[in-house]
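So the chains spell out like this:
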Amino acid sequence: MTGTPSYQDRKSTRVYRDAKEMVNDYLARFSEKVGAPIEPLDDDGYTEVRRGSATVGINVLAAHGTLLLLSKIMQVPNDGREAFYRRLLELNFLVTSDSAFAIDKDRDAVFLRALRRLGDLDYEEFEDLLSTVATVADDWDDRLQELLPG
């Protein structure tokens with residue numbers, strides 16, 4: 001059974017027209033909380049948040065009903081790839097929380113990513129997911145470089 005997604009914040013009970021309106025409201029609330037300006041989503045449903053050394057791309061993929069958070073960590077190393085990939089998988093087990101390291105084969109780059117269904121997403125979940133991705137990306141963008149040989 002396929003239903004229409006619900007874009008309503010549980011705590012405030014505010015109902016939104018669509019996912020972009022909901023995420024823009026959440027971005028404004030997050031911006032106010034952290035005391036840093038955040039641009040609203042553009043026409044394609046994208047904006048960025050900078051936290052520490054990490055930039056987190058926020059993507060509302062409305063056609064897929066998905067929120068995608070991405071932060072580029074580094075290029076995939078040329079040497080020792082097998083050991084590097086194993087380390088990423090080990091880190092995914094516990095260190096990354098609700099996010100995970102992933103490889104973009106077209107860019108040959110490591111990203112930290114998190115996916116969440118947009119329907120029934122409330123502000124607290126959004127804030128937690130964005131904070132988690134930003135914190136893990138900020139913690140590991142330099143640390144992974146240090147693990148490389150040479």
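These remarks concern the structure in this document. Positions within a chain are numbered from 1, following the residues in the order the chain's sequence is written. Only residues with pLDDT of at least 70 are given local features in this predicted model, and only at 80 or more are side-chain atom pairs given and counted; all residues enter the totals for whole chains, interfaces and linings. Side-chain metrics rest on all non-hydrogen atoms present in the structure, leaving aside hydrogens and water.

Examining helix α2 (residues 81-94)
Let me state the cut-off plainly: Working definition: helices are DSSP H or I runs of at least four residues, strands are E runs of at least two. Numbering for both runs from the N terminus. An expected span of 1.5 Å times one less than the residue number is assigned to each helix. For the exposure calls, accessible area comes from a 1.4 Å probe over protein chains only, and a residue counts as buried if that area is under 20% of its type's maximum, exposed if over 50%, partly exposed in between. It is the directions from the helix axis to the C-beta atoms that the arc portrays. Here a residue-residue contact requires only that any non-hydrogen atoms of the pair lie within 4.5 Å.
In a regular helix each residue adds 1.5 Å, so 14 residues correspond to 20 Å; α2 covers 21 Å between its end C-alpha atoms and thus fits that length. Restricting attention to buried positions, one finds in α2 the residues F84, L88 and L91. The buried residues of α2 occupy an angular sector of 65° when projected down its axis, which confines them to one face. The outward face of α2, more than 90 degrees from its buried face, is lined by the exposed residues E82, A83, R86, L89, F93 and L94. In this structure, the buried residues of α2 make contact with β3 (66-75), β4 (100-104), β5 (109-117) and α3 (123-146).

Remarks on the sheet that holds β5
To keep things clear, this is the line we draw: Paired strands, as defined in this entry, are two strands with at least two bridges between them according to DSSP. Helix axes are fitted to C-alpha atoms over the stretch in contact, other axes to C-alpha atoms as well, and angles between N-to-C directions run from 0 to 180 degrees.
Across the sheet, five strands lie side by side as β1-β2-β3-β5-β4; this open sheet has antiparallel pairing. In this open sheet, the two strands that pair with only one neighbour each are β1 (46-51) and β4. For this sheet the average axis-to-axis angle between neighbouring strands, irrespective of direction, equals 30°. Summarising the sheet, β1 and strand β2 (residues 54-61) pair through six bridges and their orientation is antiparallel. Across the sheet, Y46 pairs through a bridge with N59, a residue of β2. Here α3 sits on the sheet and contacts β1, β2, β3, β4 and β5; the angle it forms with β3, its principal contact strand, is near 10°.

With respect to unusual backbone geometry
A positive phi angle, near 55°, is found at S97, a position not held by glycine. Here S97 shows up in the loop between α2 and β4. Positive phi, close to 65°, is recorded for D120, a residue that is not glycine. Turning to its location among the elements, D120 is positioned in the loop between β5 and α3.

Topic: the pattern of salt bridges
Selection rule: Salt-bridge detection follows one rule: a side-chain nitrogen of Lys or Arg within 4 Å of a carboxyl oxygen of Asp or Glu.
In this structure the tally under the stated criterion is 15 salt bridges. The salt bridge partner of R10 is D122, with a shortest N-O separation of 2.7 Å. Of the two residues, R10 sits in the segment before α1 (19-34) while D122 sits in the loop between β5 and α3, which places them 112 residues apart along the sequence. Using a relative accessible area of 53% as the deciding quantity, one classes R10 as exposed. Residue D122 is classed as buried on the basis of its relative accessible area, which comes to 8%. Notably, a salt bridge pairs D104 with R107, separated by 3.2 Å at the nearest N-O pair. With a relative accessible area of 22%, D104 lands in the partly exposed category. Here the residues in one salt-bridge network are D9, R14, R17, E21, D25 and R29, joined through shared partners.

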